[in-house]
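Okay, here's what each chain looks like letter by letter:
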Amino acid sequence: MKSKPTIKIIATGGTIAGAGSSSTTTTGYKPGAVSIEELLEVTPNLSDFSNIEVEQLFNIDSVDMTTERLLALSKYVNETLLDEEVDGVVITHGTDTLEETAYFLHLVIKSHKPVVIVGSVRPATAISADGPLNLYNGVKVACERQAHGKGVLVVLNDRVGSARYMAKMATTTVDSFRALEQGYIGAIVGGEVHFYYKDITKLHTMDSIFDVNTIVQLPEVPIIYSHLGDGRFLYDAAVQVGSKGIIVATAGGYTISKQAEQGIQDALKKGVVIIRSSRLSTGIVSRTSMDNQQHYIAGESLNPQKARILLMLALTVTNDKDEIQQFFRTY
Ligand code: ASP
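Please read these numbers as outputs of a predicted model, since none were measured by experiment.

1. Digging into the pattern of salt bridges
And step 1. A full pass over the atoms with the stated rule returns eight salt bridges.
And step 2. A salt bridge links Asp 96 to Lys 168, with the shortest nitrogen-to-oxygen separation between them at 2.8 Å. One end of the pair, Asp 96, is in the loop between strand S3 (88-92) and helix H4 (98-108); the other, Lys 168, is in strand S7 (residues 167-168), with 72 residues separating them in the sequence.
And step 3. Notably, a salt bridge pairs Asp 175 with Arg 178, separated by 3.3 Å at the nearest N-O pair.
And step 4. Judged by relative accessible area, which is 23%, Arg 178 ranks as partly exposed.
And step 5. When salt bridges that share partners are traced, they join Arg 232, Asp 236, Asp 266 and Lys 269 into one network.

Printed below as a string of structure tokens:
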């Protein structure tokens, strides 16, 4: 029996590894500038309770997280977790697309071992940088027996949330990640991890049917944001570039403008799958008679960026609209 769990930290960049020109620079800095080794130098005492291994997989701004990098990261995490010596994984990531990577991993990781994703909103060089504590707390959570089997966990600002629900909701404040309707699933206080719930009701990790090893490339799926005066040209452009699906971030959650509707109907005729999501931060887009008539799929409680992640994966296994609707209910 090992006395301390072995945690592999996989670094991908972001503000947690960002560098600015001075300690008061908290905007306009460069994300992905500091190495994981440098970050660990200012994250104390991890060796008191864990054996740390590191891998610097990328060092990028998370807006440059492509679907190719996402596939590479997921395959790497799965391989890492197969190693019997590794007890859990912590991923450092930029916050802009953290929720998308987290949800993708939540759907494709084939392990009960803890997978925790952390980031920060202040660069590593800033006064009161939040990265070291978030990383420390992330490792604490990954060492917890109770973190097993919960899917991918997002840890920032002393909170633990599920990758299914956590989203970035503020541009620069340290409490930027929230799950407004569903809440957090735990908290870290004085280095102690407290879990409020056993698990979430949606399927993930070992219960998910998505197998990243069979995926060579993810399909093109853009998000189109509705607004006053919405037209059809973005739908036409999406079809032209060969999109296999489109996420419509509707203005209210249900209706779509007549102009946009025409573009959508033509896209449907070309076999493009349409998901009705919402640009609002909370609420459920449930299935209505309109979806039956127009052949849409309701995005349920996923925000547009998470709906895109699920649709990309769904399209690797089926084009059947009923089956895809079922995925949106269960994942
Ligand atoms: N642009 C940065 C990134 O996503 C922002 C951050 O990490 O907070 O990499």
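2. Describing the sheet that holds strand S1 (residues 6-13)
And step 1. Pairing within the open sheet is mixed, and its eight strands lie in the order S2-S1-S3-S4-S5-S6-S9-S10. Two strands bound the open sheet, and with one partner strand each, they are strand S2 (51-60) and strand S10 (192-195). Each strand of the sheet is rotated relative to its neighbour by a mean of 20°, with strand direction disregarded.
And step 2. Alignment of S1 against S3, held across five bridges, turns out to be parallel. Bridge pairing in S3 links Lys 8 to Val 89.

3. Quick word on the site of the ligand
And step 1. Every residue near the ligand is listed here: Gly 14, Thr 15, Pro 31, Asp 61, Ser 62, Gly 94, Thr 95, Asp 96 and Ser 120.
And step 2. Thr 15 is positioned such that a nitrogen or oxygen atom in its backbone is 2.9 Å from an oxygen atom of the ligand.
And step 3. Across the complex, the protein chains shield 93% of the 270 Å² of accessible surface that the ligand would expose by itself.
And step 4. In terms of residue class, the shell around the ligand is made up of one nonpolar, six polar and two charged.

4. Structural notes on the nonpolar core
And step 1. In this structure, Val 77, Val 90, Leu 135, Val 141 and Val 154 are the most contacted members of the largest nonpolar core, which totals 51 residues.
And step 2. Residues contacting Val 154, with those up to four places away along its chain left out, are Leu 98, Ala 102, Ile 117, Arg 159, Val 160, Gly 161, Ala 163, Met 166 and Phe 177.
And step 3. By size, the runner-up hydrophobic cluster in this structure holds 28 residues, among which are Val 221, Leu 302, Ala 307 and Ala 314.

5. Points about the pairing of strand S13 (residues 273-278)
And step 1. For S13, the buried fraction is high: six of the six residues fall into the buried class.
And step 2. Burial along S13 is two-sided: the residues Val 273, Ile 275 and Ser 277 and Ile 274, Arg 276 and Ser 278 are all buried.
And step 3. For the handedness criterion, the β-α-β arrangement of strand S12 (residues 245-250), helix H7 (residues 258-269) and S13 is classed as right-handed.
And step 4. Sheet topology note: the S13/strand S14 (residues 297-298) ladder contains two bridges and is parallel. Bridging across to S14, Ile 275 finds its partner in Ile 297.
And step 5. A crossover connection joins S13 to the parallel S14 through helix H8 (residues 289-294); in handedness this β-α-β unit is right-handed.

Parameters and conventions
- Residues numbered from 1 in each chain as written.
- Predicted model: local features only at pLDDT ≥ 70, side-chain atom pairs only at ≥ 80, totals over all residues.
- Heavy atoms only, no water.
- Salt bridge = Lys/Arg side-chain N within 4 Å of Asp/Glu carboxyl O.
- Helix = DSSP H or I, 4+ residues; strand = E, 2+ residues; numbered from the N terminus.
- Buried < 20%, exposed > 50% of the residue type's maximum accessible area, 1.4 Å probe, protein only.
- Pairing = 2+ DSSP bridges.
- Axes fitted to C-alpha atoms, helices over the stretch in contact; angles between N-to-C directions.
- Near = heavy atom within 4 Å.
- Polar contact = N/O pair within 3.5 Å; in protein donor to acceptor, adjacent residues only side chain to side chain.
- Areas by Shrake-Rupley, 256 points an atom, 1.4 Å probe, with all protein chains shown as cover.
- Nonpolar A, V, L, I, M, F, W, Y, C, P; charged D, E, K, R; others polar.
- Core = buried A, V, L, I, M, F, W, Y, C linked by side-chain atoms within 4.5 Å.
- Contact = heavy atoms within 4.5 Å.
- Right-handed = clockwise from strand over helix to strand, strands pointing away.

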